[in-house]
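Architecture and fold: a report
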Amino acid sequence: MRFAKYHALGNDYVVLDPKDFPQWAKGPTVEQIVRVCHRNFGIGSDGILWGPLPSGLAHAKLRIYNPDGSEAEKSGNGVRIFARYLWDEKKAGREFSLETLGGIVQARVHGNGETLTIDMGRVSFSKDKIPVLLPDGPAEVLDQPLTVVDRHFLFSAATVGNPHCVIPVATATPEIAKTYGPAIELHPYFPRKTNVQFLQVLDRSNIRIEIWERGAGYTLASGSSSSAAAAVAHRLGLVDRSVTVHMAGGTLGIEIGDDYEIRMSGPVTRVATGELVSEMF
């Protein structure tokens, strides 16, 4: 049962190729996902990348699992990591497409694979597409009130294939993400739960975000969160189209197209390869 482990700015994933797991014909169970991701009883990771799987729409299909066993529609860091894995394993060239539950993405590998560019798709702020349960609110979810725990916020929501709640703050800190992120993730406004970004605008070309990731918790970096936060900041008129997103784990470059198509560029680091032992389960 072979595995590979990578990280993208500290956001780490275990890649499992289905051909190496014939006994998991229907994919890993929730219990198996939780055990593999556990940092004391398993390999330890922010999720599992299950693929490549056959696709009629792209070079390969990828399924993305969170540490709690739930499935994510899309992950910017996960897609970069998986693209690097396919490149390392000589299962893809320098440019190819990947199918995710959140849509098709285009990947480009630079150099020896240490940096990748992903066309993430189009960001939407539509409450119906995200979705957000604001029956009396506007069609696009921008600068709407939200009260959680002991604090009032204004939030904007977006989807780039998965749901995001972006909250501008004067200073983005790990503490604010850890304090309010869990309640916002599970807020009744978000029927599929949500990823949460606390957004601090540094200048017209730079933002900082602290992230509470749906199904994973506090996270050092996130590609889809960077995409959503940069798009919201631009939609609110706070930044230009080329944005560097600063996170606890490092920086990503985001380019925002005229129709909010997102191009993301950033690093991936190969960590380890090895064998899972059935005793772990």
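Above this text sits the structure in question.
Rules used in this analysis
Residues numbered from 1 in each chain as written. Predicted model: local features only at pLDDT ≥ 70, side-chain atom pairs only at ≥ 80, totals over all residues. Heavy atoms only, no water. Helix = DSSP H or I, 4+ residues; strand = E, 2+ residues; numbered from the N terminus. Rg over C-alpha atoms; globule rule 2.2 N^0.38 Å. Buried < 20%, exposed > 50% of the residue type's maximum accessible area, 1.4 Å probe, protein only. Contact = heavy atoms within 4.5 Å. Areas by Shrake-Rupley, 256 points an atom, 1.4 Å probe, with all protein chains shown as cover. Core = buried A, V, L, I, M, F, W, Y, C linked by side-chain atoms within 4.5 Å. Polar contact = N/O pair within 3.5 Å; in protein donor to acceptor, adjacent residues only side chain to side chain. Phe/Tyr/Trp six-rings, centres within 6.5 Å; stacked < 30°, edge-to-face > 60°. Lys NZ or Arg CZ within 6 Å of the ring centre and 35° of its normal. Salt bridge = Lys/Arg side-chain N within 4 Å of Asp/Glu carboxyl O. Pairing = 2+ DSSP bridges. Expected span 1.5 Å × (residues − 1).

1. Quick word on the overall build of the chain
Scanning the chain from terminus to terminus reveals four helices and 18 strands. Against the compact-globule benchmark of 19 Å for 281 residues, the chain has a radius of gyration of 18 Å, which places it among compact chains. With respect to the three principal axes, the spread of C-alpha positions in the chain is 50 × 35 × 30 Å. When burial is assessed residue by residue, the chain has 56% of its 281 residues classed as buried. Across the chain, every contact between residues at least 6 apart in sequence was considered, and the portion connecting residues at least 24 apart equals 61%. Just so you have it, the chain exposes about 11400 Å², and 51% of that area is on carbon and sulfur atoms.

2. Focus on the nonpolar core
Of all hydrophobic cores here, the largest spans 54 residues; its most connected members are Leu98 and Ile207. If we ignore the near neighbours within four places in the chain, the residues touching Ile207 are Leu199, Gln200, Val201, Leu202, Ala229, Ala230, Ala233, Val239, Val243, Thr244, Val245 and His246. If you look at the next biggest cluster of nonpolar residues, it comprises 21 residues, including Val141, Ala177, Phe190 and Val196.

3. Remarks on the side chain of Lys5
Looking at the element boundaries, Lys5 is found in strand S1 (residues 2-8). A relative accessible area of 14% places Lys5 in the buried class. In terms of polar contacts, Lys5 uses its side chain to reach the side chain of Asp12, at 3.3 Å. Sequence-distant contacts of Lys5, defined by excluding residues within four places in its chain, comprise Asp12, Tyr13, Val14, Arg39, Ile43, Gly44, Arg270, Val271 and Ala272.

4. Side note on the packing of aromatic side chains
Tallied over the full model, the rule gives 11 aromatic pairs. Here the aromatic cluster, defined as three or more aromatic residues joined through ring pairs, consists of Phe21, Trp24, Trp50 and Phe281. The residue whose ring lies beneath Lys178 is Tyr218, and the NZ or CZ to ring-centre distance is 4.7 Å.

5. Let's talk about the side chain of Arg84
For Arg84, the location among the structural elements is in helix H2 (residues 76-88). We classify Arg84 as buried; its relative accessible area is 9%. The contacts of Arg84, once residues within four sequence positions are left out, are Tyr6, Asn112, Gly113, Glu114, Leu116, Val268, Thr269 and Arg270.

6. Details of the pattern of salt bridges
On inspection of all chains with the given rule, the structure shows 17 salt bridges. Between Glu73 and Arg192 there is a salt bridge, and its shortest N-O distance comes to 3.2 Å. Taken as a pair, Glu73 in the loop between strand S5 (71-72) and H2 and Arg192 in the loop between helix H3 (174-185) and strand S12 (195-203) lie far apart in primary sequence, 119 residues in all. Accessibility expressed as a relative area gives 39% for Arg192, which makes it partly exposed.

7. A short note on the pairing of strand S7 (residues 103-110)
In this structure, strand S6 (residues 95-100) lies alongside S7, joined through six bridges in antiparallel fashion. Paired with Glu95 across the strands is Arg108, a residue of S7. Connecting the antiparallel pair S6 and S7 is a turn made up of two residues. Both S7 and strand S8 (residues 115-122) contribute to a ladder of five bridges, which runs antiparallel. Residue Gln106 lies in a different strand from S8, and its bridge partner there is Asp119. Here S7 folds back onto S8 in antiparallel fashion, the turn holding four residues, of which Gly111 has a positive phi close to 60 degrees.

8. Brief notes about H2
Here H2 contains 13 residues, and its C-alpha end-to-end distance of 18 Å stays within 8% of the 18 Å for a straight helix at 1.5 Å per residue. Burial runs high along H2: 12 of the 13 residues are buried. All of the buried residues in H2 are Gly76, Asn77, Gly78, Val79, Arg80, Ile81, Phe82, Ala83, Arg84, Tyr85, Leu86 and Asp88.

9. As for the environment of Arg214
Within the fold, Arg214 resides in the loop between strand S13 (206-213) and strand S14 (217-219). Sequence-wise, Arg214 and Lys193 are 21 residues apart; in three dimensions their C-alpha atoms are separated by 6.8 Å. Setting aside residues no more than four positions away along its own chain, Arg214 makes contact with Asn66, Ala72, Glu73, Asn162, Pro163, Glu185, Arg192, Lys193, Thr194 and Asn195.

10. Considering the environment of Ser265
When you line up the elements, Ser265 lands in strand S17 (residues 261-267). Taking the C-alpha atoms as reference points, Ser265 and Thr115, 150 residues apart in sequence, are found 7.1 Å from one another. Not counting residues up to four positions away in its chain, the partners in contact with Ser265 are Leu116, Thr117, Leu252 and Gly253.

11. Section: helix H4 (residues 223-235)
Spanning 13 residues, H4 covers 18 Å between terminal C-alpha atoms, matching the ideal 18 Å at 1.5 Å per step. Within H4, 12 of the 13 residues are buried, which leaves it mostly tucked inside the rest of the structure. Of all the residues in H4, the buried ones are Gly223, Ser224, Ser225, Ser226, Ser227, Ala228, Ala229, Ala230, Ala231, Val232, Ala233 and His234.

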